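An overview of the molecular structure
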Amino acid sequence: MLAAPVRALRDAVRLRLGLGLLALLCMAWSLLALPLRYLLPRAQGQWLGRQGAGATFRVYLRLLTWIGACRFDLQALDALRDQPASVIAPNHPSLLDAVMIISRVPQVACVMKAELMQSILFGAGARLARYIRNDSLHAMVRRAVTEVRGGSHLLLFPEGTRTTRAPVNAL
């Protein structure tokens, strides 16, 4: 058994390594996604964007498992894959909940903070996947309805941000 300080140091290194891996994977996907948004027709770009985001996040979760930073049981999410379109509305305690859902549910439209759509790490991939910005309530609801009617699951964080108070923040 490792002493507590050694274990804490090891866990801190794994956490930072995991975040670095996420940054590298997202940057690589962004470099591919940026030109594809302009080269592909909208429907093909959206499909490829969502597949690419899912694949990127699957690799990330495998790497987190491989370095011993996390373990995941995603069977419940796998069950959503073949279900009719639905709204998936988890609380949002960390980035991992969105990553896990996007990694397992291939046709999911994610409602995102508008600022993240400009992020160097997430923006190009999110725009290619045609994820939904949250800056205009009317446009957001219209796009969300269109996505669900079109057969996509909708990933929505009802608090609009990460959960900081148990069980959930004010809605």
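This structure is a prediction, so every number in the text was calculated from the model and none was measured.

Considerations on helix α6 (residues 137–149)
Under the 1.5 Å per step criterion, the end-to-end length of α6 is 18 Å for 13 residues, consistent within 8% with the ideal 18 Å. For α6, every residue scored as buried is listed here: Met140, Ala144 and Glu147. Down the axis of α6, the buried set is contained in an arc of 65°. They therefore lie on one face. Exposed residues lying more than 90 degrees from the buried face of α6 are His138, Arg142, Thr146 and Arg149. Buried-residue contacts for α6 involve α2 (42–66), β2 (108–112), β3 (132–133) and β4 (153–155). Once α6 finishes, Gly151 follows within two positions and takes phi at roughly 100°, a positive value.

Structural notes on a nonpolar patch on the surface
There is a patch of nonpolar side chains on the surface, built from Leu137, Val141 and Val145 and spanning about 260 Å² of accessible area. Checked against the element boundaries, Val141 lands in helix α6.

Overview of the environment of Arg16
Checked against the element boundaries, Arg16 lands in helix α1 (residues 4–39). A C-alpha to C-alpha distance of 9.7 Å links Arg16 and Ala69, two positions 53 residues apart in sequence.

Things to note about the pattern of salt bridges
As enumerated under the stated definition, the model contains six salt bridges in all. One salt bridge in this structure joins Glu147 and Arg50, with 2.9 Å as the shortest N-O distance. Residue Glu147 is located in helix α6, and its partner Arg50 is located in helix α2; the two are separated by 97 residues in the primary sequence. According to the relative accessible area criterion, Arg50 is buried, its value standing at 2%. For Arg133, the salt bridge identified is with Asp135, shortest N-O distance 3.0 Å.

About the cut-offs
Residues numbered from 1 in each chain as written. Predicted model: local features only at pLDDT ≥ 70, side-chain atom pairs only at ≥ 80, totals over all residues. Heavy atoms only, no water. Helix = DSSP H or I, 4+ residues; strand = E, 2+ residues; numbered from the N terminus. Expected span 1.5 Å × (residues − 1). Buried < 20%, exposed > 50% of the residue type's maximum accessible area, 1.4 Å probe, protein only. Arc of directions from axis to C-beta. Contact = heavy atoms within 4.5 Å. Patch = residues over 30% accessible without salt bridge, like charges linked within 9 Å, V, L, I, M, F, W, Y side chains within 5 Å. Areas by Shrake-Rupley, 256 points an atom, 1.4 Å probe, with all protein chains shown as cover. Salt bridge = Lys/Arg side-chain N within 4 Å of Asp/Glu carboxyl O.

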